[in-house]
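Spelled out from the first residue to the last, the chains are:
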Amino acid sequence: MAYRWKNDLTPADVTPKSAFLNRRQILAGAAGLGASGLIGGTAAQAQEALEPNTLEEIRTYNNFYEFGTGKSDPAAYARAMPTDPWEITVDGLVDNPGTFSLAELLDGLTVEDRIYRFRCVEAWSMVIPWNGVELADILERAGVQSTAKYVAFETAVMPEVMPGVQRRVIDFPYVEGLRLDEAMHPLTLMATGIYGEPMANQNGAPIRLVVPWKYGFKSIKSIVRITLTEDEPPATWNQINAREYGFYSNVNPAVSHPRWSQASERMIGGGLFSSRQDTLMFNGYDEVASLYEGMDLAEFY
Ligand code: MTE
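Residues numbered from 1 in each chain as written. Predicted model: local features only at pLDDT ≥ 70, side-chain atom pairs only at ≥ 80, totals over all residues. Heavy atoms only, no water.

Bringing the site of the ligand into the picture now. Residues in contact with the ligand amount to 16 residues; listed here are only the nearest, N62, Y65, E66, T155 and K221. Here a nitrogen atom of the ligand sits 3.0 Å away from a polar atom, N or O, in the main chain of S219. Expressed as a share of its isolated accessible area of 540 Å², the protein-covered part of the ligand is 98%. Taken atom by atom, the bulk of the ligand overlaps the largest pocket. The class makeup of the residues in the shell around the ligand is seven nonpolar, six polar and three charged. (Near = heavy atom within 4 Å. Polar contact = N/O pair within 3.5 Å; in protein donor to acceptor, adjacent residues only side chain to side chain. Areas by Shrake-Rupley, 256 points an atom, 1.4 Å probe, with all protein chains shown as cover. 1 Å grid on protein atoms, 1.4 Å probe; cavity = no way out; pocket = protein on both sides within 12 Å on 5 of 7 lines; lining within 4 Å. Sits in = over half its atoms within 2 Å of the grid points. Nonpolar A, V, L, I, M, F, W, Y, C, P; charged D, E, K, R; others polar.)

Turning our attention to the side chain of T89. Structurally, T89 can be placed in strand 1 (residues 87-92). A polar contact is formed between the side chain of T89 and the side chain of T99, at a distance of 2.9 Å. Leave out the neighbours within four places in its chain, and T89 touches G98, T99, V224, R225 and I226. (Helix = DSSP H or I, 4+ residues; strand = E, 2+ residues; numbered from the N terminus. Contact = heavy atoms within 4.5 Å.)

In this approach the atoms are scanned with a rolling probe the size of a water molecule, which exposes any empty space left behind. Quantified by volume, the largest pocket comes out at close to 450 Å³. Lining the largest pocket are 28 residues, with N63, F64, C120, G216 and F217 positioned closest to its centre. Ranked by residue count, the leading element in the lining of the largest pocket is strand 4 (residues 124-134), at four residues. Considered class by class, the residues forming the lining of the largest pocket number 17 nonpolar, six polar and five charged. There is about 210 Å³ of room inside the second largest pocket. Taken together, 20 residues line the second largest pocket, and the ones lying closest to its centre are Y215, E244, V255, S256 and Y301. Among the residues forming the lining of the second largest pocket, the class breakdown is eleven nonpolar, seven polar and two charged. (Points joined across faces, edges and corners; volume = space filled by probe spheres on them.)

The next subject is unusual backbone geometry. Omega for the bond connecting F172 with P173 falls within 30 degrees of zero, at 5 degrees, which places this linkage in the cis form. Tracing the backbone through its elements, the reader meets P173 in the loop between helix 7 (163-166) and strand 6 (175-179). Look at the link from A205 to P206: it is a cis peptide, with omega at -5 degrees. Here P206 lies in the loop between strand 8 (197-198) and strand 9 (208-210). We note that A123 has phi near 70 degrees; this positive angle belongs to a residue other than glycine. Take A123: it is sitting in the loop between strand 3 (112-119) and strand 4. Despite not being glycine, S222 has its phi angle at roughly 40 degrees, a positive value. Within the secondary structure layout, S222 lies in the loop between strand 9 and strand 10 (223-229).

Turning our attention to the sheet that holds strand 1. Spatially, five strands are ordered 2-1-10-5-6 in an open sheet, and the strand pairing comes out mixed. Of all strands in the sheet, those with a lone pairing partner are strand 2 (98-101) and strand 6, marking the two edges. Along the sheet, successive strands turn relative to each other by an average axial angle of 20 degrees, direction set aside. Note that strand 5 (residues 150-155) and strand 10 share six bridges and pair antiparallel. Note that in strand 10 the partner of E154 across the bridge is R225. (Pairing = 2+ DSSP bridges. Axes fitted to C-alpha atoms, helices over the stretch in contact; angles between N-to-C directions.)

A separate point is the pairing of strand 11 (residues 264-267). Along strand 11, the buried face is formed by E265 and M267; none of S264 and R266, which line the opposite face, is buried. In this sheet, strand 11 lies alongside strand 4 in parallel orientation, the contact comprising two bridges. The residue of strand 11 that forms the bridge with W124 is R266. As judged from the three bridges shared by strand 11 and strand 12 (residues 276-278), these two strands associate in the antiparallel manner. When the bridges of strand 12 are listed, R266 appears paired with R276. (Buried < 20%, exposed > 50% of the residue type's maximum accessible area, 1.4 Å probe, protein only.)

Take a look at the structure:
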């Protein structure tokens with residue numbers, strides 16, 4: 001498995017896990033960052049302000065409504081979800097539609113380490129060291145047709161092992177969508193692991209989306225279908241309450257949620273006195289700003 005580093009945080013921002021990275025790899029990663037010019041104000045702020053997140057924190061404070069609405073429900077119940085074998089259908093406006101095993105979907109693609117800030121719409125944040133492939137690599141192999149403008153995603157529905165589905169806490173399947181250029185952006189990841197370990201079920205095993213400049217609910221878990229469409233696809237939270245949760249949902253300190261401010265965020269594991277920091281536009285991933293040129297981000301929130 002080939003690894004290459006590309007992110008705006010350094011490994012110093014996460015808890016070192018000896019099983020995950022040795023010192024040499026950490027230094028190589030940091031050097032790569034400097035060379036690619038991705039370190040900026042964001043990384044500087046991140047290094048000063050962010051406390052590391054442990055695997056324990058990442059695996060015990062979750063949103064995965066299929067397993068219940070409480071933060072500890074996914075850790076308590078998701079282990080019952082069978083994730084092997086797992087099939088993913090790629091269809092819609094593609095030249096090579098099909099249903100693939102996870103191994104077939106990932107075959108030949110480069111699995112990378114990406115340390116990303118993760119910002120939930122509920123105004124909390126973590127720093128998570130993901131492993132995964134670029135969504136663009138999957139889409140390129142699928143052969144996106146010229147009429148496609150959006151990508152739709154769907155989560156598995158397994159009522160027998162999903163208490164939240166049994167209780168219909170929201171409508172399932174959980175669905176999400178991206179504009180095609182957002183989906184093709186090199187930051188957009190299909191994650192298969194964290195800290196070099198296979199994705200825990202509560203984090204969206206065996207494969208989930210990660211879009212680091214958008215609120216966390218866009219990062220749909222346990223994906224079974226990827227569909228290329230011409231029209232904007234439905235998105236679960238946007239359908240539940242379009243006024244509170246837009247389709248775009250780019251992290252934006254200037255656009256408040258109707259019920260709370262997004263100007264600052266609580267860092268999970270940040271400690272009692274250093275637990276809040278300012279929210280950054282696009283969660284600090286300024287390189288995506290050009291995707292939204294000419295758009296009023298207060299209107300398209
Ligand atoms: N995907 C599915 N299928 N169901 C969900 O309830 N919750 C979203 C997102 N993806 C959710 C989901 C929300 S609100 C957040 S903040 C993130 O998953 C949480 O990811 P994490 O638990 O790995 O931190």
